[in-house]
There are 2 protein chains.
Amino acid sequence: MASHELDDTDHQLLRLLQADGRRTFSEMAPEVGLSVAAVKRRVDRMRESGVIKGFTVQVDHAKLGRGIEAFTELRFAGTTSVGDILASASRAPEVQAVFTIAGDLDALVHMRVRDIAHLQEVIDRLRGSGKVIGTRTLMVLGSWTRDD
Amino acid sequence: MASHELDDTDHQLLRLLQADGRRTFSEMAPEVGLSVAAVKRRVDRMRESGVIKGFTVQVDHAKLGRGIEAFTELRFAGTTSVGDILASASRAPEVQAVFTIAGDLDALVHMRVRDIAHLQEVIDRLRGSGKVIGTRTLMVLGSWTRDD
DNA sequence: CTTGAAAATATATTATC
DNA sequence: GATAATATATTTTCAAG
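Note that the structure is predicted; figures quoted are calculated from it, not measured. (Residues numbered from 1 in each chain as written. Chains lettered and ligands numbered in written order. Predicted model: local features only at pLDDT ≥ 70, side-chain atom pairs only at ≥ 80, totals over all residues. Heavy atoms only, no water.)

**Section: the UniProt feature "domain: HTH asnC-type" (unreviewed entry) in chain A**
- Sites flagged by UniProt as "domain: HTH asnC-type" (unreviewed entry) map to residues 6-67 of chain A.
- The distance separating the terminal C-alpha atoms of residues 6-67 of chain A is 38 Å; by composition the span is 55% helix and 13% strand. (UniProt positions renumbered as here; feature names shortened; annotations may be inferred. Helix = DSSP H or I, 4+ residues; strand = E, 2+ residues; numbered from the N terminus.)

If you want it as structure tokens, here you go:
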């Protein structure tokens, strides 16, 4: 293993792509001091090794009518498996991410909704989906994300 | 306003770009039944209106030596402003995102670390940064993210 | 094993309708 | 929005450090 060890140039390419995932090889080449072909080969290699999982677009959810963001902590019945938890919580389209958690709570669910009524509705849906025995919701007032 | 209303085709383009942010216009054009130029105009328009904030690369953090993920809830001294909270918590490079929260806790910090010792160290750094009066850390065992 | 340069192909971009 | 012309970028190939 460790067949995918990255040097400084690779890290620099990752940073460039994090800031703009559609940056062209031709644009990055002079910035890292390599030829276009060399840059492409490095990015291809990082893709193959799985260091780069993919590329995506960053969307302004508020402008798409889902301006409210919340985290809901879920507690499940003792018999629920992690797979069940992920499957159950990820079913709602408003759910952006599900984290299974060590300790007294079982999952943390990140969701985006239109308004408070919509939030209520999603929480009810989660609670109604069977094994959920408790929830606690944290409303997000503002956020900062490391540019990615 | 409402100058950035999106039709079904725009939403379809967003979905395609969410799944692969480097998909070419030429590839998307037949999928949405438009010409390449029309696709480019729509994507350009969504960029200008801010619906598309940007593009980025998705990285496998475990393969970069930061395989442990955690959320830390922070409570701050009563006099701390939201700006101070964001500034303070985002200082650590291990911090991926900071959410300011309504209710009894003040912030939820998403971080990625190398190992438990590293986690300990980051938490100590956060606690030591002045106004933090309490923390509670949730270790992430597993996660699922809607593909973006 | 990685690079750079060049050629061939594909894509992006712009102008016109 | 489509089509066509032009400018860029990607991708492959091959020779070389």
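There is more to say, and it comes next.
**Overview of the environment of arginine 47 of chain B**
- In this structure, arginine 47 of chain B sits in helix α3 (residues 36-49).
- Once the C-alpha coordinates of arginine 47 of chain B and leucine 13 of chain B are considered, the two residues, 34 residues apart in sequence, prove to be 12 Å apart.
- With residues up to four places along the chain from it excluded, the contact list for arginine 47 of chain B reads Arg22 of chain A together with Ile52 and Phe55 of chain B. (Contact = heavy atoms within 4.5 Å.)

**A closer look at the interface of chain B and chain A**
- Each side of the interface is counted separately: chain B has 58 residues, and chain A has 58 residues.
- Around 5000 Å² of area is buried between chain B and chain A when both sides are counted, 56% of it from carbon and sulfur atoms.
- Among the residues of chain B in contact with chain A, Arg22, Thr56 and Trp144 of chain B are the three that bury the most area, contributing 15% of the side total.
- Across the contact surface, chain B and chain A share four salt bridges. (Buried area = accessible area lost by both parts, 1.4 Å probe. Salt bridge = Lys/Arg side-chain N within 4 Å of Asp/Glu carboxyl O.)

**Considering the pattern of salt bridges**
All names here are of chain A.
- Applying the stated criterion to the full structure yields 25 salt bridges over all chains.
- Where aspartate 10 meets arginine 42, a salt bridge forms, and the shortest distance between an N and an O atom there is 3.0 Å. Of this pair, aspartate 10 sits in helix α1 (residues 8-19) while arginine 42 sits in helix α3 (residues 36-49), and the two are 32 residues apart along the sequence. Exposure class is identical for aspartate 10 and arginine 42. Each is buried.
- Across the salt bridge formed by aspartate 44 and lysine 40, the nearest N and O atoms sit 2.5 Å from each other. Of this pair, aspartate 44 and lysine 40 both sit in helix α3, four residues apart, which is roughly one turn of that helix. (Buried < 20%, exposed > 50% of the residue type's maximum accessible area, 1.4 Å probe, protein only.)

**What about the protein's contact with DNA strand D?**
- Neighbouring DNA strand D are Thr24, Phe25, Ser26, Val36 and Lys40 of chain A together with Arg22, Leu34, Ser35, Ala37, Ala38, Arg41 and Arg42 of chain B.
- Take serine 26 of chain A: an N or O atom from its side chain is 2.9 Å from a phosphate oxygen of DNA strand D.
- The backbone of serine 35 of chain B places a nitrogen or oxygen atom 2.7 Å from a phosphate oxygen of DNA strand D.
- Within the residue set of the surface near DNA strand D, elements represented by two or more residues are α2 (25-32) and α3 of chain A together with α3 of chain B.
- Residues that form the surface near DNA strand D fall into these classes: five nonpolar, three polar and four charged. (Near = heavy atom within 4 Å. Polar contact = N/O pair within 3.5 Å; in protein donor to acceptor, adjacent residues only side chain to side chain. Nonpolar A, V, L, I, M, F, W, Y, C, P; charged D, E, K, R; others polar.)

**Points about the relation of the copies chain B and chain A**
- Each copy superposes on the other: chain B lies on chain A with an RMSD of 0.1 Å after a rotation of 180° and an axial shift of 0.1 Å. Both copies are brought into coincidence by an operation consistent with a two-fold rotation axis. (Least-squares fit on C-alpha atoms with pLDDT ≥ 70 in both.)

**Structural notes on the pairing of strand β2 (residues 68-76) of chain A**
Residues and elements named next belong to chain A.
- Taking burial as the measure, the nine residues of β2 include seven buried ones, the bulk of the element.
- Two elements, β2 and strand β4 (residues 107-113), share seven bridges in a ladder whose sense is antiparallel. Residue pairing for β4: alanine 70 is matched across the bridge by methionine 111.
- Direction of pairing for β2 relative to strand β5 (residues 132-145): antiparallel, over a ladder of seven bridges. (Pairing = 2+ DSSP bridges.)

**A look at the side chain of aspartate 60 of chain A**
All names here are of chain A.
- Turning to its location among the elements, aspartate 60 is positioned in the loop between β1 (52-59) and β2.
- Comment: no salt bridge for buried aspartate 60; closest opposite-charge side chain is lysine 63, at 4.1 Å.
- A distance of 3.0 Å separates a polar atom in the side chain of aspartate 60 from the backbone nitrogen of alanine 62. (Lys, Arg positive; Asp, Glu negative; His and termini not counted.)

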